[in-house]
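Summary of structural features
Take a look at the letters that make up each chain.
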Amino acid sequence: MNTSIKSEQLTNERDIPPLAYCIEEAATALGVGRTLVYRMISEGLLTRVKIGKRSLIAVSELDAF
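About the cut-offs
- Residues numbered from 1 in each chain as written.
- Predicted model: local features only at pLDDT ≥ 70, side-chain atom pairs only at ≥ 80, totals over all residues.
- Heavy atoms only, no water.
- Core = buried A, V, L, I, M, F, W, Y, C linked by side-chain atoms within 4.5 Å.
- Buried < 20%, exposed > 50% of the residue type's maximum accessible area, 1.4 Å probe, protein only.
- Helix = DSSP H or I, 4+ residues; strand = E, 2+ residues; numbered from the N terminus.
- Contact = heavy atoms within 4.5 Å.
- Pairing = 2+ DSSP bridges.
- Axes fitted to C-alpha atoms, helices over the stretch in contact; angles between N-to-C directions.
- Arc of directions from axis to C-beta.
- Parallel < 35°, antiparallel > 145°, perpendicular 65-115°, else oblique.
- Nonpolar A, V, L, I, M, F, W, Y, C, P; charged D, E, K, R; others polar.

This paragraph deals with the nonpolar core. Listed in full, the nine residues of the largest apolar core are Ile-23, Ala-26, Ala-27, Val-37, Met-40, Ile-41, Leu-46, Ile-57 and Leu-62. Those elements giving two or more residues to this core turn out to be α2 (23-30) and α3 (34-42). When neighbours within four sequence positions are excluded, Ile-23 is seen to be in contact with Arg-34, Val-37, Tyr-38, Ile-41, Ser-55 and Ile-57.

Summarising the element assignment, Arg-48 is placed in strand β2 (residues 48-51). Separated by 10 residues in the primary sequence, Arg-48 and Tyr-38 place their C-alpha atoms 9.4 Å from one another. The contacts of Arg-48, once residues within four sequence positions are left out, are Tyr-38, Ile-41, Ser-55, Leu-56 and Ile-57.

Moving on, we get to the sheet that holds strand β1 (residues 20-22). Read from one edge to the other, the open sheet built from three strands follows the order β1-β3-β2, with strand pairing classed as antiparallel. Each edge of the open sheet is held by one strand with a lone partner, namely β1 and β2. Recorded for the sheet is a direction-independent mean angle of 40° between the axes of neighbouring strands.

Since one α-helical turn is 3.6 residues long, residues separated by three or four positions face the same way. Within α3, the full set of buried residues consists of Val-37, Met-40 and Ile-41. Taken end-on, α3 shows its buried residues confined to a sector of 100°, consistent with a single buried face. Structural note: α3 exposes Thr-35 and Ser-42 on the side pointing more than 90 degrees away from its buried face. For α3, the secondary structure elements touched by its buried residues are α2, β2 and β3 (54-58).

Here we come to the environment of Ala-20. Inspection of the secondary structure puts Ala-20 in strand β1. A relative accessible area of 29% means that Ala-20 is categorised as partly exposed. Separated by 37 residues in sequence, Ala-20 and Ile-57 have C-alpha atoms that sit 5.2 Å apart. Among all residues touching Ala-20, those that are not within four sequence positions of it are Leu-56, Ile-57, Ala-58 and Val-59.

To continue, consider the packing of α2 against α3. Describing two packed helices takes the angle between their axes plus the distance from one axis to the other. The N-to-C vectors of α2 and α3 enclose an angle of 100°; their axes lie 9 Å apart at closest approach. By the angle between their directions, the pair α2 and α3 is classed as roughly perpendicular. Along the contact surface, α2 presents Ile-23, Glu-24, Ala-27 and Leu-30, while α3 presents Arg-34, Val-37, Tyr-38, Met-40 and Ile-41. Along the lines of polarity and charge, the residues of the contact of α2 with α3 split into seven nonpolar, no polar and two charged.

Below you can see the structure in the form of structure tokens.
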């Protein structure tokens, strides 16, 4: 079995836009701080998805906001 990864595959994977951002990335995208993002989540302005211990916010949520 060939398990080597070609450089073209790595390049293609990096070109895929993210579907969700962590809290810090979402804050940067919105131009606000993490605390405000958490407040927006608690007030129902943004919806987060928990995957394990990670909190993610879908790009579509940020686009809708």
